[in-house]
Amino acid sequence: AAPDPVPPIPVELLPALSQYANQQIPAMQERPSQNSDPGLPDRIVRLWQRIVAACPDDDPARGTYLTQLGLTLWIRFGSRGTPSDLTEAIDAARRGAETTPAGHPYHGMAVVLLASILRERSDRSGTGPDLDAAIDAARQAVAATAPDDPDHVAFLAQLPRLLHSRYERSGAPSDLDEAIEFADRAVHAVPAGRLEHAGYRSNLGALLNSRYERTGDLADLDRAIAAGRGAVDAVAADHPARAGFLS
């Protein structure tokens, strides 16, 4: 006889179960060789699938649940490489971003997750549509967060990398110009005393150097050198990360 179907989760249990599922994500991200519970990814993905299935369409938390399902599928794809996990992760993340309203505090995170997963598939396939969609999603994430939101600059910093990737494929100067513009905004969005500031300065310098190599404009070279020096100066002399900015 076939086993009895798993009963649906009562709606009133969804908040507690989603909290439990979220708490398991760090363990899912461990390397398979370090994970003492290899069955955990399957159980947590399945739990999120059941949470989404039980959540009413008009529940304000539905978008968040879909986004978390997308995240856990993406994590499982990273450890196993099963193509269907990547496809399903994008589908869940896209539905999560579409379901989470623009004013919701989780909207930016939902959209930037979609951008990250799309970029990974684009990097693996070498095709343009996913990268275009990732750029569109990253733009939405930036637009959806206020400048004083702690996540805003992290979302902002994604766009230069995405736009530069497209520039390397297409050679469109406008993509490189826009990548530099967003990289400069990221630099000015973070106080000079934080390590992220040095990283964003370094990225800006690399982009400016790339444009100098294309155009020969010495102003870009001067700005690239200044950004590189600024990145080094922004890190304390005894900080272990400083050597990375000297190369």
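Residues numbered from 1 in each chain as written. Predicted model: local features only at pLDDT ≥ 70, side-chain atom pairs only at ≥ 80, totals over all residues. Heavy atoms only, no water.

Details of the confidence of the model for the protein chain
On average, residues of the protein chain carry a pLDDT of 89, and 91% of them reach 70 or more. Averaged pLDDT values for the elements of the protein chain fall to 60 in helix H12 (residues 242-246) and rise to 96 in helix H1 (residues 14-23). (pLDDT = per-residue confidence, 0-100. Helix = DSSP H or I, 4+ residues; strand = E, 2+ residues; numbered from the N terminus.)

Things to note about the side chain of Asp85
With respect to the element layout, Asp85 can be found in helix H5 (residues 83-99). For Asp85, a relative accessible area of 4% gives the class buried. Side-chain polar atoms of Asp85 contact the side chain of Arg76, separated by 2.8 Å. Residues within four places of Asp85 in sequence aside, it is in contact with Leu73, Arg76 and Phe77. (Buried < 20%, exposed > 50% of the residue type's maximum accessible area, 1.4 Å probe, protein only. Polar contact = N/O pair within 3.5 Å; in protein donor to acceptor, adjacent residues only side chain to side chain. Contact = heavy atoms within 4.5 Å.)

Some details on the packing of aromatic side chains
This structure, assessed with the given rule, holds 1 aromatic pair. Between Trp48 and Tyr65, the ring centres sit 6.0 Å apart and the planes meet at 45 degrees, which makes this aromatic pair tilted. Residue Trp48 is found in helix H3 (residues 40-54), and its partner Tyr65 is found in helix H4 (residues 62-80); the two are separated by 17 residues along the sequence. Residue Tyr65 is classed as buried on the basis of its relative accessible area, which comes to 8%. (Phe/Tyr/Trp six-rings, centres within 6.5 Å; stacked < 30°, edge-to-face > 60°.)

Points about the environment of His164
Considering the arrangement of structural elements, one finds His164 in helix H8 (residues 152-170). Given the relative accessible area of 18%, His164 is considered buried. Separated by 46 residues in the primary sequence, His164 and Ser210 have C-alpha atoms spaced 9.5 Å apart. What His164 contacts, discounting residues up to four positions off in sequence, is Leu176, Ala179, Leu207 and Ser210.

Considerations on the pattern of salt bridges
A side chain of one charge can pair with a side chain of the opposite charge if their charged atoms are brought near each other. By the definition in use, this model includes 15 salt bridges. Arg62 serves as the salt-bridge partner of Asp57, at 3.6 Å between the closest nitrogen and oxygen. The class for Arg62 is buried, based on a relative accessible area of 13%. For Arg76, the salt bridge goes to Asp85, with nearest N and O atoms at 2.8 Å. Residue classification places Arg76 among the buried positions, given a relative accessible area of 14%. (Salt bridge = Lys/Arg side-chain N within 4 Å of Asp/Glu carboxyl O.)

With respect to the packing of helix H9 (residues 173-189) against helix H10 (residues 195-215)
Two quantities define a packed helix pair, namely the angle between the axes and the distance from one axis to the other. Here H9 crosses H10 at 155 degrees, and the two axes come no closer than 9 Å. The angle between H9 and H10 places the two elements in the roughly antiparallel class. Seen from above, H9 lies across H10 with left-handed handedness. Counted together, Pro173, Leu176, Asp177, Ala179, Ile180, Ala183, Asp184, Ala186 and Val187 of H9 and His197, Tyr200, Arg201, Leu204, Leu207, Leu208, Ser210, Arg211 and Arg214 of H10 form the full contact between these two elements. (Axes fitted to C-alpha atoms, helices over the stretch in contact; angles between N-to-C directions. Parallel < 35°, antiparallel > 145°, perpendicular 65-115°, else oblique. Left-handed = near helix turned anticlockwise from the far one by under 90°.)

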